[in-house]
Amino acid sequence: MLAKTIIAATLALAATVSAQTPNHIYFTYPISKAGDSSQIMEAGKNITFSWSTPCNAGEWISPNPTAVSVQLVNANNAEAVGFVSEVTKIDCTGNSGNNYWVPPAEYANDGNVYSLRMQIGAHDVYSGNFKIGSKNAPVKPSGSAPGTSTPSNTPAAGNAGNILTPVLSGAAAIAAGALMFL
Ligand SMILES: *[C@@H]1O[C@H](CO)[C@@H](O)[C@H](O)[C@H]1NC(C)=O
């Protein structure tokens, strides 16, 4: 009886885990909890970012799965994420993968919240949030925020990261949720 109960509980847990894992590509690093932008990526350091689930199978299919653009985006405002620069192009046809990126020193200590993004067909896939930091670079005063080209609803640069609590929805939230179970 006890053994049966344990097996049933284990199966129920397994079902929960598989239900939480997205059937489409998602970042496995960097990740963050929704609304948490306390993670710091060191400028000039060689960072390994990673993902799981092929981008040419499952729910979300890339039209060019061997050359998917990975982009640095400004995520101060989750409703108006802004393109900053292309990090690299990846082949995401494998079950999982990783690639390298060196966070640019020009964005170090600027107070902005960043994320990595890949666009899989019509779907945007976000990594967790982070800020770019450097022990060597001075903390920048309010200045221009890269990627924020919509002044009407974009708060002043520099302050933006402190005022808003960005919560990436959709893919990022699902990815963050799924990773709690890995
Ligand atoms: C980052 O490290 C990887 C693995 O050692 C290496 O292949 C890659 O060339 C490095 N990239 C840079 C920009 O240093």
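Above this text you will find the structure in question.
Here the structure is a predicted model, which is why all the values come from computation and not from measurement.

Caption draft 1: Expanded view of the overall build of the chain. Along the backbone of the chain there are 3 helices and 9 strands. Listed by position from the N terminus, the elements making up the chain come as α-β-β-β-β-β-β-β-β-β-α-α. Burial status across the chain gives 42% buried among its 182 residues. Taken as a whole, the chain presents about 9,300 Å² of accessible surface, with 57% of it coming from carbon and sulfur.

Caption draft 2: Just the nonpolar core, in detail. In terms of nonpolar packing, the biggest core is built from 26 residues, with Phe49, Leu72, Trp101, Leu116, Met118 and Ile132 touching the most fellow members. Among the elements of the structure, strand E3 (47-52), strand E4 (68-74), strand E5 (82-90) and strand E7 (114-120) are those that each provide at least two residues to this core. Here the element with the most residues in this core is E7; it accounts for 4 residues. Contact partners of Leu72, with chain neighbours within four places excluded, come to Gly82, Phe83, Val84, Ser85, Val87, Trp101, Tyr107, Tyr114, Ser115, Leu116, Phe130 and Ile132.

Caption draft 3: Here's a closer look at the site of the ligand. The local shell around the ligand consists of Asn46, Tyr100 and Val102. One of the side-chain nitrogen or oxygen atoms of Asn46 is found 2.3 Å away from an oxygen atom of the ligand. Protein chains shield 33% of the accessible area of the ligand, which is 360 Å² for the free molecule.

Caption draft 4: The pattern of salt bridges, seen in detail. In the structure shown here, the tally under the stated rule is 2 salt bridges. For the salt bridge of Lys135 with Glu42, the shortest nitrogen-to-oxygen distance reads 3.8 Å. One end of the pair, Lys135, is in the loop between strand E9 (131-133) and helix H2 (160-163); the other, Glu42, is in strand E2 (residues 40-42), and 93 residues separate them in sequence. Of the charged contacts in the structure, one is a salt bridge between Lys89 and Glu86, with a shortest N-O distance of 3.3 Å.

Caption draft 5: Representation of the state of the cysteines in the model. Within this structure, the stated rule accounts for 1 disulfide. The residue that forms a disulfide with Cys55 is Cys92, at a sulfur-sulfur distance of 2.1 Å. As the torsion about the S-S bond is roughly 90°, the Cys55-Cys92 disulfide counts as right-handed. One end of the pair, Cys55, is in the loop between E3 and E4; the other, Cys92, is in the loop between E5 and strand E6 (96-101), and 37 residues separate them in sequence. Cys92 shares its class with Cys55; the two are buried.

Caption draft 6: Here's a closer look at unusual backbone geometry. A cis amide bond links Tyr29 to the next residue, Pro30, at an omega of -5°. Within the secondary structure layout, Pro30 lies in the loop between strand E1 (26-29) and E2. In this structure, Thr53 is a non-glycine residue whose phi angle is positive, near 80°. Tracing the chain through its elements places Thr53 in the loop between E3 and E4. For Asn109, which is not a glycine, the phi torsion comes out positive at approximately 60°. The class for Asn109 is buried, based on a relative accessible area of 17%.

Rules behind the numbers
Residues numbered from 1 in each chain as written. Predicted model: local features only at pLDDT ≥ 70, side-chain atom pairs only at ≥ 80, totals over all residues. Heavy atoms only, no water. Helix = DSSP H or I, 4+ residues; strand = E, 2+ residues; numbered from the N terminus. Buried < 20%, exposed > 50% of the residue type's maximum accessible area, 1.4 Å probe, protein only. Areas by Shrake-Rupley, 256 points an atom, 1.4 Å probe, with all protein chains shown as cover. Core = buried A, V, L, I, M, F, W, Y, C linked by side-chain atoms within 4.5 Å. Contact = heavy atoms within 4.5 Å. Near = heavy atom within 4 Å. Polar contact = N/O pair within 3.5 Å; in protein donor to acceptor, adjacent residues only side chain to side chain. Salt bridge = Lys/Arg side-chain N within 4 Å of Asp/Glu carboxyl O. Disulfide = S-S within 2.5 Å.

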